[in-house]
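The chain contents come next:
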Amino acid sequence: MIEEQVCFLTRLVPEPGPRLLKEAFAEVRGNFEERNLDRTELLAGVREADALYCMLTDTIDAEVLDAAGPRLRVVSNMAVGYDNVDVSAATARGVLVTNTPGVLTETTADLAWALLLAAARRVVEGDRLVRDGGFHMWSPTMLLGGDVSGKTLGIVGMGRIGQAVARRSTGFGMKVLYTRPSGPLDNGSVPAGADWLHVDSLEELLRNSDFVSLHVPLSEETRHLLGRREFELMGPHGVLVNTSRGPVVDEAALVEALAAGTLGAAALDVYEREPELAPGLSALTNAVLLPHLGSATRQTRARMAEMAARNAIAAVRGESVPHPVNPEVLGAG
Ligand code: DGY
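Residues numbered from 1 in each chain as written. Predicted model: local features only at pLDDT ≥ 70, side-chain atom pairs only at ≥ 80, totals over all residues. Heavy atoms only, no water.

### A closer look at the domain arrangement of the chain
Domain boundaries in the chain define domain 1 (2–103 + 298–331) and domain 2 (105–289). Here the C-alpha centre of domain 2 lies 32 Å away from the C-alpha centre of domain 1. On the domain 2 side, the residues contacting the 8 residues of domain 1 number 5 residues. The contact between domain 1 and domain 2 buries some 560 Å² in all, and 45% of this surface belongs to carbon and sulfur atoms. Connecting domain 1 to domain 2 are 1 salt bridge. Our count for the contact surface shared by domain 1 and domain 2 stands at 3 residue pairs in polar contact (both at pLDDT 80 or more). Residues of the side of domain 1 that touches domain 2, tallied by class, amount to 4 nonpolar, 3 polar and 1 charged. (Domains from an automatic or database assignment. Contact = heavy atoms within 4.5 Å. Buried area = accessible area lost by both parts, 1.4 Å probe. Salt bridge = Lys/Arg side-chain N within 4 Å of Asp/Glu carboxyl O. Polar contact = N/O pair within 3.5 Å; in protein donor to acceptor, adjacent residues only side chain to side chain. Nonpolar A, V, L, I, M, F, W, Y, C, P; charged D, E, K, R; others polar.)

### Some thoughts on the site of the ligand
As a structural note, the neighbourhood of the ligand is formed by Leu-56, Ala-79, Val-80, Gly-81, Leu-104, Arg-245, His-292, Ser-295, Arg-301 and Met-304. In this structure, Val-80 approaches the ligand through a main-chain N or O atom, which is 2.7 Å from an oxygen atom. At 2.7 Å, a side-chain N or O of Ser-295 approaches an oxygen atom of the ligand. By residue class, the composition of the shell around the ligand is 5 nonpolar, 3 polar and 2 charged. (Near = heavy atom within 4 Å.)

### Thoughts on the packing of aromatic side chains
Overall, the coordinates contain 1 aromatic pair when judged by the stated rule. Summarising the aromatic geometry, the rings of Trp-113 and Phe-172 are spaced 4.6 Å apart at their centres and angled 15° between planes, so their arrangement reads as stacked. Of this pair, Trp-113 sits in helix α5 (residues 105–121) while Phe-172 sits in the loop between α7 (160–168) and β7 (175–179), and the two are 59 residues apart along the sequence. Given a relative accessible area of 5%, Trp-113 falls into the buried group. The class for Phe-172 is partly exposed, based on a relative accessible area of 26%. (Phe/Tyr/Trp six-rings, centres within 6.5 Å; stacked < 30°, edge-to-face > 60°. Helix = DSSP H or I, 4+ residues; strand = E, 2+ residues; numbered from the N terminus. Buried < 20%, exposed > 50% of the residue type's maximum accessible area, 1.4 Å probe, protein only.)

As structure tokens, then:
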């Protein structure tokens, strides 16, 4: 038990997260319901907490950090992405930020493939047609999609999740092109026999890929990485899959490209102004739309909840923190 110390939890998370927190902290307070806190509740609730356990849907900026006050030691984000947290503001206040990498890699890669296949083979349109009573007879021309096997998959951002998506393409006999800011992967990271080729530019990847899957974190460099020009490079048969962050794609330009047919199809798990959709997006039949389900399996959400709890507990105890985002804070003072 950490004497006197308080953890503020912004919403209900799966076990064992809450149990671990309750075992470790003198008090765990916050929101134990299936809803997001509004800003006023967050600012009021976080006061004098030692640990803030939050979600990607919470904006943790200087105002929230200041509302918490000087006791705050750690912001534990239950996500691998942490673009919702102002890390510089946290660092400036000596507050550690942590995330949950690794545990959601395979689950998110599975979902990227579910989206890719759904868009290529028009799975959602087919389901809708059957439910609407439109399936009268097999037809040689009904809902024709595009082949996946033997095609080229472009991976933008070949980190953990990008590589997991690429590994799955082997069974489809696909060639993989990828961009990676730090250059080509070393040979040990490429599975034997895999046809993975590092390309120097996004343009080269987009021109030469049939499917493009995004796996970059959101930053000022990646905001609107793909817009009208990039969709034109992908072309009328190109398929875009996004399981990273919505603002990496210019969503208004995406709607235009899909409506005009300059881009073939898109399969999205994330949106620029989540949970809002760009006007016109939901009416497009060549868009497959999911509600940010990348890591949404029972097993993975439990692992994420546990990892976020362990990060918060270790930070407050002054122990080695499993996944710090701004480890320089640990060295300071
Ligand atoms: C993350 O962890 O960043 C994911 O988007 C959650 O699914």
